[in-house]
Structure formats: C-alpha cells, structure tokens
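Secondary and tertiary structure notes
If you want the building blocks of each chain, they are given just below.
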Amino acid sequence: MLLRQMAVAFLFNEAGEVLFLQKKYASRFLGGYLVPIGGHLEDGEYNDPRRACLREIAEETGLTEQVVRSLTLRYIVHRLKADQEIRVQYVYMGSVSVDSRLVESEEGELLWIDNSKLAGLEVTASTRAIMEHYLETGIHNKQIYTGTMYPLQGEPAVGWNVLEDWEGK
C-alpha cells in the first residue's frame, strides 16, 4: 500500500473569488479540470505540509509567503484509490489581494472563480466537497476538519469530523 501526500491552497480575494488553476487539456493528470493551487509533498516536507503548500503556491502562481495572508490548515482529506494508494490531502485556506501579480505556470491558466459559480464547473469530487463544506460550515469557525471520501450510491461523498485533542478535555 502506497501513501501519497499533497498540500493545496484555496486562496480567496476581497471580491469573494477563489484562485484556481485550469489544467491544460493535454495534461495527463486532471486535464481540463479546475484545481486548487498545490501539489505533492517532497522530501523534507512530510512534517511540514504548510511549507510544501507555500512552495507550490510560489511555483504555480509566483505569489510569495509575504503576500499570502492567513494561510491556515483547515482540512485533512483521506481517500483510498483503487490501486491501493492512500491519498492524504492537507488543505489550507488563505487570502491574497485581488491585484496581486500572478505569474502563469506551465501547468495551465490561473483563473479567479466566483464562489457562487463553482457548481457547474469541472472540479474533482474532493474539491467540490471541500468548497461546499467550507462555504456552509468552515468559513464560520477556525476548526480543522478531517474528511474521508467514500462511495455513496455510486457517487463520491465525504464524511466530515472536527479534529480535536481528546486528552485535554
């Protein structure tokens, strides 16, 4: 069984938009999809997914840690792939100014998407579930949520729980 760890960021601006990367259609991984900014953890980052997230933000957008505000871990999502791979995705929420200078990456086009228009767009099931939960629940608090993806009547679903320390209670 393999373990793959990723760190992604949903970066919001003052206009209520989220920054997504529209993957090139020719891409072998999620071609044509809108994905959050992020990628795989590399050696030396396994104990610090925030560092991996900041590296990915800089690589894919040109935005530095100095312009990304309040980058905070909000979700940890688990998924078992059919090829016996466990995927763990560390999901950060943050903000940047709408006039922040973006640098295009080789992976695709950067797009600001209005939250209300996300429903009809080509995003992964995990991205959709995270955004729906965040806009309904997570935006109103500072908790970290864990989510486990599972099939529900043939469709992907996520079960959410608050991550909390049970020892100090």
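Before reading on, note that the structure itself is shown above.
Structure report, in brief. (Residues numbered from 1 in each chain as written. Predicted model: local features only at pLDDT ≥ 70, side-chain atom pairs only at ≥ 80, totals over all residues. Heavy atoms only, no water.)

**Brief notes about the overall build of the protein chain**
What counts here: Per the convention used, a helix needs a DSSP run of H or I reaching at least four residues, while a strand needs a run of E reaching at least two, with both numbered from the N terminus. In this description the radius of gyration comes from C-alpha coordinates, and the expected globular size is given by 2.2 Å times residues to the power 0.38.
A tally of regular secondary structure across the protein chain gives 2 helices and 9 strands. Helices (α) and strands (β) of the protein chain occur, in sequence order from the N terminus, as β-β-β-β-α-β-β-β-α-β-β. On C-alpha atoms alone, the protein chain measures out to a radius of gyration of 16 Å, which is about the 15 Å that the 2.2 N^0.38 rule sets for 169 residues. Dimensions of the protein chain along its principal axes, counting C-alpha atoms only, are 45 × 40 × 35 Å.

**Brief notes about the nonpolar core**
Quick reminder of the rule: For this analysis, a nonpolar core means a set of buried residues of the types Ala, Val, Leu, Ile, Met, Phe, Trp, Tyr and Cys, connected via side-chain atoms within 4.5 Å. Remark: exposure states derive from per-residue accessible area (1.4 Å probe, protein chains only) relative to the maximum for the residue type, with buried under 20%, exposed over 50%, and partly exposed in between. The contact rule is simple, with two residues in contact once any of their heavy atoms fall within 4.5 Å.
Counting residues in hydrophobic clusters, the biggest one holds 21 residues, and the most contacted among them are Leu 11, Cys 53, Ile 57, Leu 63, Val 68, Leu 71 and Tyr 90. Of all elements in the fold, only strand S1 (2–12), strand S2 (17–23), helix H1 (49–61), strand S5 (69–81) and strand S6 (85–95) reach the threshold of two or more residues within this core. When residues in this core are grouped by element, the largest group, 4 residues, is from H1. Setting aside chain neighbours within four positions, we find Leu 71 in contact with Ala 9, Leu 11, Arg 50, Cys 53, Leu 54, Ile 57, Tyr 92, Met 93 and Gly 94.

**Description of helix H2 (residues 125–136)**
Note: α-helices contain 3.6 residues per turn, so residues at a spacing of three or four share the same orientation. Using the following cut-off: Multiplying one less than the number of residues by 1.5 Å gives the expected span of a helix.
The end-to-end C-alpha distance of H2 is 16 Å, a good match for the 16 Å that 12 residues give at a rise of 1.5 Å each. For H2, the set of buried residues is Ser 126, Thr 127, Ala 129, Ile 130, Met 131, His 133 and Tyr 134. Close packing links the buried residues of H2 with S1, S2, S5, S6, strand S8 (145–152) and strand S9 (155–162).

**Considering the pattern of salt bridges**
The following threshold applies: Each salt bridge in this description consists of a side-chain nitrogen of Lys or Arg and a carboxyl oxygen of Asp or Glu lying within 4 Å of one another.
According to the stated counting rule, one finds 9 salt bridges in the structure shown. Arg 55 is the partner of Glu 45 in a salt bridge, and the nearest nitrogen-oxygen pair spans 2.6 Å. Of this pair, Glu 45 sits in the loop between strand S4 (37–40) and H1 while Arg 55 sits in helix H1, and the two are 10 residues apart along the sequence. A salt bridge links Arg 55 to Glu 59; the nearest nitrogen and oxygen atoms lie 3.2 Å apart. Placement of both Arg 55 and Glu 59 in helix H1 is noted, with a separation of 4 residues, approximately one turn of the helix. The exposure class of Arg 55 is buried, given its relative accessible area of 17%. Look at the salt bridges and you will find they share partners, linking Glu 42, Glu 45, Arg 55, Glu 56 and Glu 59 into a network.

**Re the side chain of Arg 87**
Here is the rule: Pairs of N or O atoms within 3.5 Å make up the polar contacts considered here, provided that, within protein, one atom can donate a hydrogen while the other can accept it, and that residues adjacent in sequence are counted only when both atoms are side-chain atoms.
When you line up the elements, Arg 87 lands in strand S6. At 2.6 Å, the side chain of Arg 87 and the side chain of Glu 85 are in polar contact. When sequence neighbours within four positions are dropped, the list of residues in contact with Arg 87 reads Arg 4, Met 6, Phe 29, Val 77, His 78, Arg 79 and Lys 81.

**Side note on unusual backbone geometry**
Although it is not a glycine, Ser 70 sits at a positive phi angle of roughly 55°. Position of Ser 70 among the secondary structure elements: in strand S5.

**Let's talk about the environment of Gly 62**
With respect to the helices and strands, the residue Gly 62 is situated in the loop between H1 and S5. Residues Gly 62 and Arg 101, spaced 39 residues apart in sequence, show a C-alpha to C-alpha distance of 7.7 Å. Beyond its immediate chain neighbours, meaning those up to four positions away, Gly 62 contacts Ile 57 and Val 103.

**Regarding a nonpolar patch on the surface**
Threshold: Each patch is built from residues lacking any salt bridge and having more than 30% relative accessible area; the joining distance is 9 Å for like charges and 5 Å for nonpolar side chains (Val, Leu, Ile, Met, Phe, Trp, Tyr). With residues, only the protein chains shown are counted as cover, and all accessible areas are computed by Shrake-Rupley using a 1.4 Å probe.
Together, Met 1, Leu 3, Leu 80 and Ile 86 make up a nonpolar patch on the protein surface, roughly 420 Å² of accessible area in all. Since its relative accessible area comes to 64%, Met 1 is described here as exposed.

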